[in-house]
Amino acid sequence: MFRIGIGHDTHRLAEGRPLVLGGVRVESERGAEGHSDADALAHAVTDAVLGAMCEGDIGVHFPDRDPRWKDADSMQLLARVMWLAGERGYRIVNVDATVMLERPRLRPYVDEMRARLSEVLGAGRDRVSVKAKSGEGLDAVGEQRAVTVQAVVLLEKI
Ligand SMILES: [Zn+2]
């Protein structure tokens, strides 16, 4: 049995904040605002896995108002959700994600993001795709006010 899930996440960018994507620290003047470490890639993949299992979303499992998740490492939250998926008998078939960020160019970081995600997802690197797009100077991404990530995940029951 196969299950598909989709995840979408946006964070505001601000000066003086770190930018973490897929557990990888990206050198950038502007970082992501938000509770936890504001890792939009980890959040979108987590939501896609939860969606595939019909298990709500990241806010249901790790509420903003809960101090336990303040400055949390989002890759640890993804690891918890993968533990849940394992309990339900699911494993990852593949993941595909697109990170939309104007600056800096993410190409030099993509392999490390795939490696970190692959480790936490328990899936080979050949099953984890991360793509980087700019906003072409348009909308909130293009104006460097936001980072947005879309992710799809396919699970299979083992
Ligand atoms: Zn988020």
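Residues numbered from 1 in each chain as written. Predicted model: local features only at pLDDT ≥ 70, side-chain atom pairs only at ≥ 80, totals over all residues. Heavy atoms only, no water.

Asker: What's the story with the coordination of the zinc ion in this structure? I'm lost.
Answerer: Geometry reference: four tetrahedral donors at a metal, ideal angle 109.5 degrees. Six octahedral donors, ideal angles 90 or 180 degrees. In the first shell of the zinc ion, the protein supplies Asp9 (OD), His11 (NE2) and His43 (ND1), at 2.0 Å from the metal. Sequence spacing among the residues donating to the zinc ion works out to D-x1-H-x31-H. On the criterion of sequence distance, the pair formed by Asp9 in strand S1 (residues 2-15) and His43 in helix H1 (residues 40-52) is long-range, its members being 34 residues apart. The pair Asp9 / His43 is uniform in exposure class, with both members buried. (Donors = N, O, S within 2.8 Å, 3.2 Å for Na, K, Ca; no water. Helix = DSSP H or I, 4+ residues; strand = E, 2+ residues; numbered from the N terminus. Buried < 20%, exposed > 50% of the residue type's maximum accessible area, 1.4 Å probe, protein only.)

Asker: Would you take a moment to explain the pairing of S1 for this structure?
Answerer: As a general feature of sheets, a regular strand has side chains that alternate between the two faces. Across 11 bridges, S1 lies against strand S7 (residues 146-157) in antiparallel orientation. Each residue of the ladder has a partner; that of His8, found in S7, is Gln150. Both S1 and strand S4 (residues 30-32) contribute to a ladder of three bridges, which runs antiparallel. Of the residues in S4, the one forming a bridge with Ala14 is Gly31. (Pairing = 2+ DSSP bridges.)

Asker: Sorry, what's going on with the pattern of salt bridges here?
Answerer: Side-chain pairs of opposite charge can arise whenever the charged atoms involved come near each other. Counted by the stated rule, this structure contains seven salt bridges. A salt bridge links Arg68 to Asp66; the shortest N-O distance between them is 3.0 Å. (Salt bridge = Lys/Arg side-chain N within 4 Å of Asp/Glu carboxyl O.)

Asker: Would you explain the side chain of Asp39 in this entry?
Answerer: Inspection of the secondary structure assignment puts Asp39 in the loop between S4 and H1. For Asp39, which is buried and forms no salt bridge, the nearest opposite charge comes from Arg116, at a distance of 7.4 Å. (Lys, Arg positive; Asp, Glu negative; His and termini not counted.)

Asker: Where do I start with the packing of H1 against helix H3 (residues 74-87) in this structure?
Answerer: Helix packing for two helices is described by the angle between their axes and how far apart those axes are. Contact geometry of H1 with H3 gives a least axis separation of 9 Å together with a crossing angle of 15 degrees. One finds that H1 runs roughly parallel with respect to H3. As for how H1 packs across H3, the hand of that crossing is left-handed. Of the residues in H3, those touching H1 at Ala42, His43, Val45, Thr46, Val49 and Leu50 are Ser74, Met75, Leu78, Val81, Met82, Leu84 and Ala85. When grouped by side-chain class, the residues that make up the contact of H1 with H3 number 10 nonpolar, three polar and no charged. (Axes fitted to C-alpha atoms, helices over the stretch in contact; angles between N-to-C directions. Parallel < 35°, antiparallel > 145°, perpendicular 65-115°, else oblique. Left-handed = near helix turned anticlockwise from the far one by under 90°. Contact = heavy atoms within 4.5 Å. Nonpolar A, V, L, I, M, F, W, Y, C, P; charged D, E, K, R; others polar.)

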